[in-house]
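So the chains spell out like this:
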Amino acid sequence: MTGFIEQIIGFVADHRTWAYGLAFALAMAEALPVVGTLVPGSLIVIGLGGLVPGGALGLWPLVICAILGAITGDGLSYGLGRRYHQDIVRIWPFRRYPGLIARAEALFQAHGGKAVFACRFVQGPRAFVPLAAGILGMPAARFFTVNILSALVWAPSHILLGALLGGSLLVAGAVAGR
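Predicted model, so just to flag it, every value in this text is computed and none were measured.

**Q** What is the right way to look at the overall build of the protein in this model?
**A** Each helix and strand counted, the protein has 8 helices and 0 strands in total. Going from N to C terminus, the protein has its helices and strands arranged as α-α-α-α-α-α-α-α. Taking 2.2 N^0.38 as the reference for a compact globule, 178 residues should give roughly 16 Å; the C-alpha atoms of the protein span a radius of gyration of 17 Å, in line with that estimate. For the C-alpha atoms alone, the extent of the protein along its principal axes is close to 60 × 30 × 25 Å. Per element, the accessible surface of the protein, about 8,900 Å² overall, is 70% carbon and sulfur. For the protein, the separation between the mean place of its 12 positive charges and that of its 6 negative charges on side chains is 6 Å.

See below:
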């Protein structure tokens, strides 16, 4: 997995214009049910943040693309839940994961909007809690308020962590070079 992540970050370092679209796509994909359990979006977004201190990528365009991707992914997941309700467990590929959907529903029933916000930061539940919110009928205005707030915290925290790590490597490289 580490090699795969390094290849993606290396590709982006060589093809900067793709980085912003990749940040959007990864933030969106990791919020989608089933897909989100397979995509290491957070790690790659942190890695993309590591390219900011060297000037390869701009901080604000990267943050904005990651925010928009996170909002879109959670919104699509929520929309699937609103559209199909409990019938979603009969549709491929969701029928292979009834336990994950049931656990996400239980988590949402216990914590409501707090679960939607907190699970934005947790691989696995992140992909199913917005779906559960839609299935269980969370009002759209409330869902999108929590969704947007969580994305506004998630994206900058991940990208700034990457920028901090990338900046540290630049400083360490400069010191080691002397």
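**Q** So what exactly am I meant to see when it comes to the pattern of salt bridges here?
**A** Opposite charge on two side chains lets them pair, provided their charged atoms get close. Summed over the entire model, instances satisfying the criterion amount to 4 salt bridges. For arginine 120, the salt bridge identified is with glutamate 30, shortest N-O distance 3.9 Å. Taken together, the positions of arginine 120 in the loop between helix 6 (113–119) and helix 7 (129–135) and glutamate 30 in the loop between helix 2 (16–29) and helix 3 (41–49) put the pair 90 residues apart, joining distant regions of the chain. Under the relative-accessibility criterion, arginine 120 is labelled buried at 1%. A salt bridge links aspartate 87 to arginine 90, with the shortest nitrogen-to-oxygen separation between them at 2.4 Å. Take aspartate 87: its relative accessible area is 41%, and that puts it in the partly exposed class.

Scoring rules and cut-offs
For every chain, the first residue of the written sequence is number 1, and numbering continues from 1 onward in sequence order. Since the coordinates come from a predicted model, pLDDT governs what is reported: local features require at least 70, and pairs of side-chain atoms require 80 or more to be given and counted, while whole-chain, interface and lining totals use all residues. Side-chain descriptors were evaluated using all non-hydrogen atoms of the structure, hydrogens and water having been removed beforehand. We count a stretch as a helix when DSSP gives it H or I for four or more residues in a row; a strand needs E for two or more, and each element gets its number in order from the N terminus. Just to be clear, the radius of gyration here is over C-alpha atoms, and the globule rule we use is 2.2 Å times residues to the power 0.38. Here the open area of atoms and residues is found with the Shrake-Rupley method and a 1.4 Å probe, where only the protein chains shown may cover a residue. By the counting rule applied here, Lys and Arg register as positive and Asp and Glu as negative, while His and the ends of each chain are not counted. One atom stands in for each charge, and that atom is NZ of Lys, CZ of Arg, CG of Asp or CD of Glu. We define a salt bridge as a side-chain nitrogen of Lys or Arg found within 4 Å of a carboxyl oxygen belonging to Asp or Glu. A simple rule labels every residue: compare its accessible area, found with a 1.4 Å probe on the protein chains alone, to the largest value its type can have, and call it buried under 20%, exposed over 50%, or partly exposed in between.

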